[in-house]
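# Fold and contact review
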Amino acid sequence: MAETLKEILLDSGRRPAVVTDLQNLVDEEVSDKGGVSGAVVKTGYAAVKKIKPGIIPAAVDTLLDDFAGALEPFYGDYKAKGGADFGAYLSGRSDEAADALLGVTDARADKSSRDSIKKVYGKLRPNGKKNVEEALPRLGKLIDKHAATA
């Protein structure tokens, strides 16, 4: 049985399903956004997808190793404490978990050679932490799902 988050999420036999599930999670999170800030997120997301079709699954796949690394300390602590709901665990440490994940995307955006991607990311980033924190329960549930099959 896989013990680390990297073993669970990065296993070559499981990775395609993880990427698909994460893309669906992003789509669901964006779809659920409301109000003015939600409209900004939806517009930015649509713009990114229009700029480069297929960018979301490609980005998820590219970032997955770094995301798994960023969440590994949280997962190790969760397992050590005998946790049963990683989403609830992440929500309880939402500030730290969101910062860890955003550190990955911030670094990636900084390295991008595409000004259009940087511009859209720059517009979305101010609300990024709130959005990531809101996604943590779904993310934890997704990880629990894949851990159960590991």
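Refer to the structure presented above.
The paragraphs below set out a description of the structure included in this document.

To continue, consider the nonpolar core. One finds Leu 9, Leu 71, Tyr 75, Phe 86, Leu 90, Leu 139 and Ile 143 to be the most contacted residues of the largest nonpolar core, which totals 36 residues. For this core, the elements supplying multiple residues, two or more each, are helix H1 (5-9), helix H2 (15-32), helix H3 (35-51), helix H4 (55-80), helix H5 (86-92), helix H6 (94-111), helix H7 (115-124) and helix H8 (128-148). The contacts of Ile 143, once residues within four sequence positions are left out, are Leu 5, Leu 9, Leu 71, Tyr 75 and Phe 86.

Attention shifts here to the layout of surface pockets. The volume enclosed by the largest pocket comes to roughly 1,300 Å³. Along the walls of the largest pocket sit 41 residues, with Val 26, Leu 63, Phe 67, Thr 105 and Tyr 121 positioned nearest its centre. A total of 11 residues in the lining of the largest pocket trace back to one element, the largest contributor, which is H4. Put simply, the second largest pocket is a space of about 170 Å³. Along its surface, the second largest pocket is lined by Asp 21, Asn 24, Leu 25, Glu 28, Arg 138, Lys 141, Leu 142 and Lys 145. For the lining of the second largest pocket, the secondary structure elements donating two or more residues are H2 and H8. In terms of residue class, the lining of the second largest pocket is built from 2 nonpolar, 1 polar and 5 charged.

Cut-off values and rules
- Residues numbered from 1 in each chain as written.
- Predicted model: local features only at pLDDT ≥ 70, side-chain atom pairs only at ≥ 80, totals over all residues.
- Heavy atoms only, no water.
- Core = buried A, V, L, I, M, F, W, Y, C linked by side-chain atoms within 4.5 Å.
- Buried < 20%, exposed > 50% of the residue type's maximum accessible area, 1.4 Å probe, protein only.
- Helix = DSSP H or I, 4+ residues; strand = E, 2+ residues; numbered from the N terminus.
- Contact = heavy atoms within 4.5 Å.
- 1 Å grid on protein atoms, 1.4 Å probe; cavity = no way out; pocket = protein on both sides within 12 Å on 5 of 7 lines; lining within 4 Å.
- Points joined across faces, edges and corners; volume = space filled by probe spheres on them.
- Nonpolar A, V, L, I, M, F, W, Y, C, P; charged D, E, K, R; others polar.

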